[in-house]
Amino acid sequence: MTAPTKPPYGGTADSASERALGEPLHSPVIEWFDEHARDLPWRRPEAGAWGVMVSEFMLQQTPVNRVLPVYEQWLARWPRPADLAAEAPGEAVRAWGRLGYPRRALRLHGAAVAITERHGGDVPTDHAQLLALPGIGEYTAAAVASFAYGQRHAVLDTNVRRVFARAVTGVQYPPNATTAAERRLARVLLPEEASTAARWAAASMELGALVCTAKNEECHRCPIAAQCAWRLAGKPAHEGPPRRGQTYAGTDRQVRGRLLAVLRETHGPVPQAALDRVWHEPVQRARALDGLVADGLVEPLPGGLYRLPLS
């Protein structure tokens, strides 16, 4: 087998040959997952759909080891959407702690309110209803429908995209942003049977997280190494646009985090002077604070006071 010179899921292949792409991959990846999957709380039956949804919000751009303690505290405090919906959104921001990207906390609170008001407090099973919730995009709707309800949906996160890019397309990394071709490939690779498709979604994600990683991939542990187009081609180096790296130190994100930390640790309004002490550069500090206010994460009050949002 040699690496394809162009994606094998292009417009020239017929549907039968396209579907055949996934068949050699499903069983080995799912069998590997059955043996090696991590025991994570959101994968346990008692987590339910709400536990799955909370985990998906928290895991966006955040590693599992950082999510675990916050997830467990969150579910202990708010075991159902209605429990969170009854609290002020600022409490969600406070409980989010240092997970980063705290707008996710507001979006999760908004989703909990909508679930309580529109669906009687139960996370909807229908993909379209999930997608209609505030803060829920295509990925999260597909993930909840698949992982919580065993439905057949293409679930494309960074790990899955990397596995598909290497195993099928023969390139080291997927594009920086998800493309229509990737979405089509993911649909082509889905097993026909819903429960198998849901298992495949979780298994391919875990393979990318543990084995087919961005750096230092462990091909000797991979259940589909013998079929991997990228490995068989000699692992050609990435030729696309430079991969985006994330920086934190000295950025507005760091300043925002420090400002929010003060507000999270204080129950009640905080004076401007207390916020001024967290960062030495006044222009950047003011810009970061203005951004937090604009995002709804901080509420300004008369007299130069600030607090986490109450509504």
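Residues numbered from 1 in each chain as written. Predicted model: local features only at pLDDT ≥ 70, side-chain atom pairs only at ≥ 80, totals over all residues. Heavy atoms only, no water.

Draft legend 1. Representation of the pattern of salt bridges in the model. Under the defined criterion, the tally for this structure stands at 18 salt bridges. Two residues, Glu206 and Arg38, come together in a salt bridge whose shortest N-O distance is 2.8 Å. Taken together, the residues span a long stretch of sequence, with Glu206 in helix H12 (residues 194–210) and Arg38 in the loop between helix H2 (23–36) and helix H3 (48–59) at a distance of 168 residues. For Glu206, a relative accessible area of 1% gives the class buried. Put simply, Arg94 and Glu91 hold a salt bridge, and the shortest N to O gap is 3.1 Å. Residue Arg94 and its partner Glu91 are located together in helix H6 (residues 89–96), separated by 3 residues, close to a single helical turn. Each member of the pair Arg94 and Glu91 is classed as buried. Several salt bridges share partner residues, and in doing so they unite Arg77, Glu87, Glu91 and Arg94 into one network. (Salt bridge = Lys/Arg side-chain N within 4 Å of Asp/Glu carboxyl O. Helix = DSSP H or I, 4+ residues; strand = E, 2+ residues; numbered from the N terminus. Buried < 20%, exposed > 50% of the residue type's maximum accessible area, 1.4 Å probe, protein only.)

Draft legend 2. The environment of Lys235, seen in detail. With respect to the helices, strands and loops of the structure, Lys235 is situated in the loop between helix H13 (229–232) and helix H14 (252–264). Relative accessible area serves as the criterion here: at 32%, Lys235 is assigned to the partly exposed category. Taking the C-alpha atoms as reference points, Lys235 and Val171, 64 residues apart in sequence, are found 7.7 Å from one another. Leave out the neighbours within four places in its chain, and Lys235 touches Glu217, Cys219 and Trp230. (Contact = heavy atoms within 4.5 Å.)

Draft legend 3. Up close: the packing of aromatic side chains. Going through the model one piece at a time under the given rule, you end up with 4 aromatic pairs. Between Trp42 and Tyr71, the aromatic rings sit 5.0 Å apart at their centres with planes inclined by 80 degrees, giving edge-to-face as the arrangement. Note that Trp42 is positioned in the loop between H2 and H3 and Tyr71 in helix H4 (residues 64–77), a separation of 29 residues in sequence. Each member of the pair, Trp42 together with Tyr71, is buried. Through a chain of ring-to-ring contacts, the aromatic side chains of Trp74, Trp78 and Trp96 assemble into a single cluster. (Phe/Tyr/Trp six-rings, centres within 6.5 Å; stacked < 30°, edge-to-face > 60°.)

Draft legend 4. Layout of the nonpolar core. Ranked by size, the top nonpolar core spans 52 residues in total, and within it Trp50, Met53, Met58, Trp74 and Leu108 carry the most contacts. For this core, the secondary-structure elements that each account for two or more residues are H3, H4, H6, helix H7 (103–118), helix H9 (138–149), H14, helix H15 (272–276) and helix H16 (282–294). The element contributing the most residues to this core is H3, with 7 residues. Those residues in contact with Met53, other than ones at most four positions away along the chain, are Leu108, Ile115, Val123, Leu130, Leu133, Ile136 and Val144. (Core = buried A, V, L, I, M, F, W, Y, C linked by side-chain atoms within 4.5 Å.)

Draft legend 5. Up close: unusual backbone geometry. If you check the backbone angles, Gln61 has positive phi at about 60 degrees while not being a glycine. Topologically, Gln61 is positioned in the loop between H3 and H4. With phi around 55 degrees, Asn216 is a residue other than glycine that occupies positive phi space. Tracing the sequence through the fold places Asn216 in the loop between H12 and H13.

Draft legend 6. Structural context of empty space enclosed by the protein. Scanning all chains against the criterion turns up 2 cavities of 30 Å³ or more. Considering only enclosed or pocket space, the largest cavity measures out at about 100 Å³ in volume. Taken together, 15 residues line the largest cavity, and the ones lying closest to its centre are Arg166, Cys212, Cys219, Cys222 and Cys228. At the level of elements, helix H10 (158–169) and H13 are the ones that each hand at least two residues to the lining of the largest cavity. (1 Å grid on protein atoms, 1.4 Å probe; cavity = no way out; pocket = protein on both sides within 12 Å on 5 of 7 lines; lining within 4 Å. Points joined across faces, edges and corners; volume = space filled by probe spheres on them.)

Draft legend 7. Here's a closer look at the sheet that holds strand S2 (residues 299–301). As summarised here, the arrangement of the 3 strands in space is S1-S3-S2, forming an open sheet in which the pairing is antiparallel. Each edge of the open sheet carries a strand with a single partner, namely strand S1 (270–271) and S2. The pairing of S2 with strand S3 (residues 305–307) spans 3 bridges and is classified as antiparallel. Within S3, the residue paired with Leu301 across the bridge is Leu305. (Pairing = 2+ DSSP bridges.)

Draft legend 8. View of H12. Compared with an ideal rise of 1.5 Å per residue, which puts 17 residues at 24 Å, H12 spans 24 Å between its outermost C-alpha atoms and is within 8% of the ideal. Here H12 has its buried residues at Ala197, Ala198, Trp200, Ala201, Ala202, Ala203, Ser204, Met205, Glu206, Leu207 and Gly208. Tucked inside the fold, the buried residues of H12 contact H2, H9, H10 and helix H11 (180–189). (Expected span 1.5 Å × (residues − 1).)

It is worth stressing that arrangement in space is one thing and function is another; only the former is reported here.
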